[in-house]
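# Descriptive analysis of the structure
The primary structure of each chain is shown beneath.
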There are 2 protein chains.
Amino acid sequence: MAKVVKKIKTNAGYHHGELRETLLKEATLMVNATGTQSLSMRALGESIGVSRTALYHHFKNKNDLLSAIAESGFDTWQGLVDKIISNNDSSEQQILRNYIKGYIEFSTENAFIYELMFGSALWKEQASSESLKNTAYKSFQFHLSLTARWQKSGILNSDVDTLRLAQVTWGTLHGICKLIIDGIYADNKNIDHLVDTIIASQVH
Amino acid sequence: MAKVVKKIKTNAGYHHGELRETLLKEATLMVNATGTQSLSMRALGESIGVSRTALYHHFKNKNDLLSAIAESGFDTWQGLVDKIISNNDSSEQQILRNYIKGYIEFSTENAFIYELMFGSALWKEQASSESLKNTAYKSFQFHLSLTARWQKSGILNSDVDTLRLAQVTWGTLHGICKLIIDGIYADNKNIDHLVDTIIASQVH
DNA sequence: CTAGGTAACTTGACATTGTCAAGATGAATG
DNA sequence: CATTCATCTTGACAATGTCAAGTTACCTAG
């Protein structure tokens, strides 16, 4: 019985066909909505109309699934940052401002994904794949190159070792984002003021 | 049977006597060792020699227990910071340096407790008690007063609003600590160099 | 076109978790 | 001495991640 819908390689039938992508899409939505903690593997499978353990044929375990989500998060971020940087109409200072603002907005608008990308779940204990490590490393390399660029154009202090300075500036961005996301900097709707202060305190 | 050891108000017998404090002590050890995630309420109870649900007569739930641990973490930190600040032999700049170094060391040496104190578990969704909020607020107030002090003595930029500057400087500290703790700034054994860079990039 | 191999999927099962409800205990108070 | 009430225990439930053993159906070799 149930030999209907055979040729159609989409949602119906025993073999789903595009389960991996569907899972990723749905999981990303769920994580964005309620976080990684409350993402249930079983619920995820069933919400797609597949059994509770079907995912394990596409992802080794929950961590593996989260890694994949994080990786696409890095892609999204890289896309945003490329757009910000390639705006040739603006001054260097304006680009720096856009970068800072863009970073904070990305992190707060995708809070749970951001938490995933730069949180302990994937990075502690070497838990993440080589591929993810590379993607993330590229992201930091980009921040590093921007730091060098702004040192050269006199916006950032050029007496300091670039690598170490990049660690500090990224730390500043990351710390502020985390404090906002985690509910400690509660009433910070006005990002612009925050950006002003970051620039005022770090620009040379 | 087993009516022995009646008068002694310590570990033996049906009523433990000092269960709350014992739990707090043991739970703190466990959290410090393996984190809040893997702290099991049942295992905690049984490790102390009490049934798996005995804790629920002293803490409303796991979150409540974690709050108590965090609160004592704030006390520890406040004690450290008091010591650092009250050192009258040092220059203001040296005190700032000690403060930064002390912050990073405290956070990395008590990584899981730090995560608890300033992480989403307790602060998102108003999850923490009024008492904890006050304790934490005092901690930020202290950082704020230090910021004002260093602005006055010309170490930090005094053109910027103190509150906003304090938010940024704390963000820097917090971000760097998180990146170290979470395994992203992997090889950062040399804290001194990091402290140097923080000072170089933020000191006016 | 068919046989069989294999990837994709399901059901059943297990251990672990937080937490509640109902009962047992015993220290303190009248 | 009797009673009350905080303290503690046992039993239970639902949810979770994940494994092992079966089932299904697509694909490819003959």
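Residues numbered from 1 in each chain as written. Chains lettered and ligands numbered in written order. Predicted model: local features only at pLDDT ≥ 70, side-chain atom pairs only at ≥ 80, totals over all residues. Heavy atoms only, no water.

## With respect to the overall build of chain A
Looking only at helices and strands, one finds nine helices and zero strands in chain A. Reading the secondary structure of chain A in the N-to-C direction produces α-α-α-α-α-α-α-α-α. Across its three principal axes, chain A shows a C-alpha extent of roughly 75 × 35 × 35 Å. Counting over 204 residues, chain A shows a buried share of 46%. Sequence-distant contacts in chain A: of pairs separated by 6 or more residues, those separated by 24 or more amount to 64%. Summing over all exposed atoms, chain A offers an accessible surface of approximately 10,800 Å²; the carbon and sulfur share of this is 51%. In chain A, 21 side chains carry a positive charge and 21 a negative one; their mean positions are 10 Å apart. (Helix = DSSP H or I, 4+ residues; strand = E, 2+ residues; numbered from the N terminus. Buried < 20%, exposed > 50% of the residue type's maximum accessible area, 1.4 Å probe, protein only. Contact = heavy atoms within 4.5 Å. Areas by Shrake-Rupley, 256 points an atom, 1.4 Å probe, with all protein chains shown as cover. Lys, Arg positive; Asp, Glu negative; His and termini not counted. Charge placed at Lys NZ, Arg CZ, Asp CG, Glu CD.)

## Quick word on the protein's contact with DNA strand C
As a matter of local geometry, DNA strand C sits amid 24 residues, with H16(A), S51(A), R52(A), H57(A) and R42(B) nearest to it. Here a phosphate oxygen of DNA strand C sits 2.6 Å away from a polar atom, N or O, in the main chain of S51(A). Separating a base nitrogen of DNA strand C from a side-chain N or O atom of R52(A) is a distance of 2.5 Å. Looking at the surface near DNA strand C, its residues break down into eight nonpolar, 11 polar and five charged. (Near = heavy atom within 4 Å. Polar contact = N/O pair within 3.5 Å; in protein donor to acceptor, adjacent residues only side chain to side chain. Nonpolar A, V, L, I, M, F, W, Y, C, P; charged D, E, K, R; others polar.)

## A word on the packing of aromatic side chains
Throughout the structure, instances matching the rule amount to 22 aromatic pairs over all chains. Taking 5.4 Å as the distance between ring centres and 85° as the angle between the ring planes, the aromatic pair formed by F74(B) and F118(B) counts as edge-to-face. Here the residue F74(B) occupies a position in helix 3 (residues 62-85), and F118(B) occupies one in the loop between helix 5 (111-117) and helix 6 (120-123), the gap between them amounting to 44 residues. Classification of F74(B) as buried rests on a relative accessible area of 3%. Joined through ring pairs, the aromatic side chains of F74(A), W77(A), Y99(A), Y103(A), F106(A), Y114(A), F118(A), F140(A), W150(A), W170(A) and Y185(B) make up one cluster. (Phe/Tyr/Trp six-rings, centres within 6.5 Å; stacked < 30°, edge-to-face > 60°.)

## Some remarks on the interface of chain B and chain A
Contact residues are listed per partner, giving 37 residues for chain B and 37 residues for chain A. Together, the buried faces of chain B and chain A total about 3,100 Å²; carbon and sulfur atoms form 60% of this surface. Our enumeration of links across chain B and chain A arrives at zero salt bridges. If you look at where chain B meets chain A, you find seven residue pairs in polar contact (both at pLDDT 80 or more). Contributions of two or more residues to the side of chain B that touches chain A are made by helix 5, helix 6, helix 8 (162-181) and helix 9 (191-202) of chain B. The class makeup of the residues in the side of chain B that touches chain A is 17 nonpolar, 15 polar and five charged. (Buried area = accessible area lost by both parts, 1.4 Å probe. Salt bridge = Lys/Arg side-chain N within 4 Å of Asp/Glu carboxyl O.)

## As for the nonpolar core
Residues L65(A), I69(A), Y99(A) and Y99(B) are the most contacted members of the largest nonpolar core, which totals 127 residues. In this structure L65(A) touches L24(A), A27(A), L39(A), M41(A), L44(A) and F59(A), once residues within four positions along its chain are discounted. (Core = buried A, V, L, I, M, F, W, Y, C linked by side-chain atoms within 4.5 Å.)

## Remarks on helix 2 (residues 41-48) of chain B
Residue and element names in this part refer to chain B. Turning to helix 2, its buried residues number three or more, namely M41, L44, G45 and I48. Projected onto a plane normal to the axis of helix 2, the buried residues spread over an arc of 95° and lie on a single side. As for helix 2, its buried residues are in contact with helix 1 (19-34) and helix 3. Following helix 2 by one or two positions, G49 adopts a phi angle in the positive range, close to 90°. (Arc of directions from axis to C-beta.)

## With respect to the pattern of salt bridges
Residues and elements named next belong to chain B. Inspection of the entire model under this criterion finds nine salt bridges over all chains. R149 is the salt-bridge partner of E92, the closest N and O atoms lying 3.0 Å from each other. Of this pair, E92 sits in helix 4 (residues 92-109) while R149 sits in helix 7 (residues 130-152), and the two are 57 residues apart along the sequence. Given a relative accessible area of 30%, R149 falls into the partly exposed group. We note a salt bridge from K101 to D192, for which the minimum N-O separation is 3.2 Å. Taken together, the residues K101 in helix 4 and D192 in helix 9 connect sequence positions 91 residues apart.

## Section: the relation of the copies chain B and chain A
Note on the chain copies: they are related by a rotation about an axis and a translation along it. Note on the copies: chain B fits chain A at an RMSD of 0.0 Å, the axial shift is 0.0 Å, and the rotation between them is 180°. Those values place the two copies in the arrangement expected of a two-fold rotation axis. When you check the interface residues of chain B against chain A, 100% turn up at the interface there too, and the contact is symmetric in its surfaces. (Least-squares fit on C-alpha atoms with pLDDT ≥ 70 in both.)

## A few points about helix 9 of chain B
The end-to-end C-alpha separation of helix 9 of chain B is 17 Å, in line with the 16 Å expected for 12 residues at 1.5 Å each. When we look at burial in helix 9 of chain B, the residues that qualify are I191(B), L194(B), V195(B), T197(B), I198(B), I199(B), S201(B) and Q202(B). Among the structural elements, helix 8 (162-181) and helix 9 (191-202) of chain A together with helix 4 and helix 8 of chain B are those in contact with the buried residues of helix 9 of chain B. (Expected span 1.5 Å × (residues − 1).)

## Describing the environment of S72(B)
All names here are of chain B. Positionally, S72 belongs in helix 3. A relative accessible area of 33% means that S72 is categorised as partly exposed. In this structure the C-alpha to C-alpha distance between S72 and S201, which are 129 residues apart in sequence, comes to 33 Å.

None of the figures reported here should be taken as evidence of function without further support.
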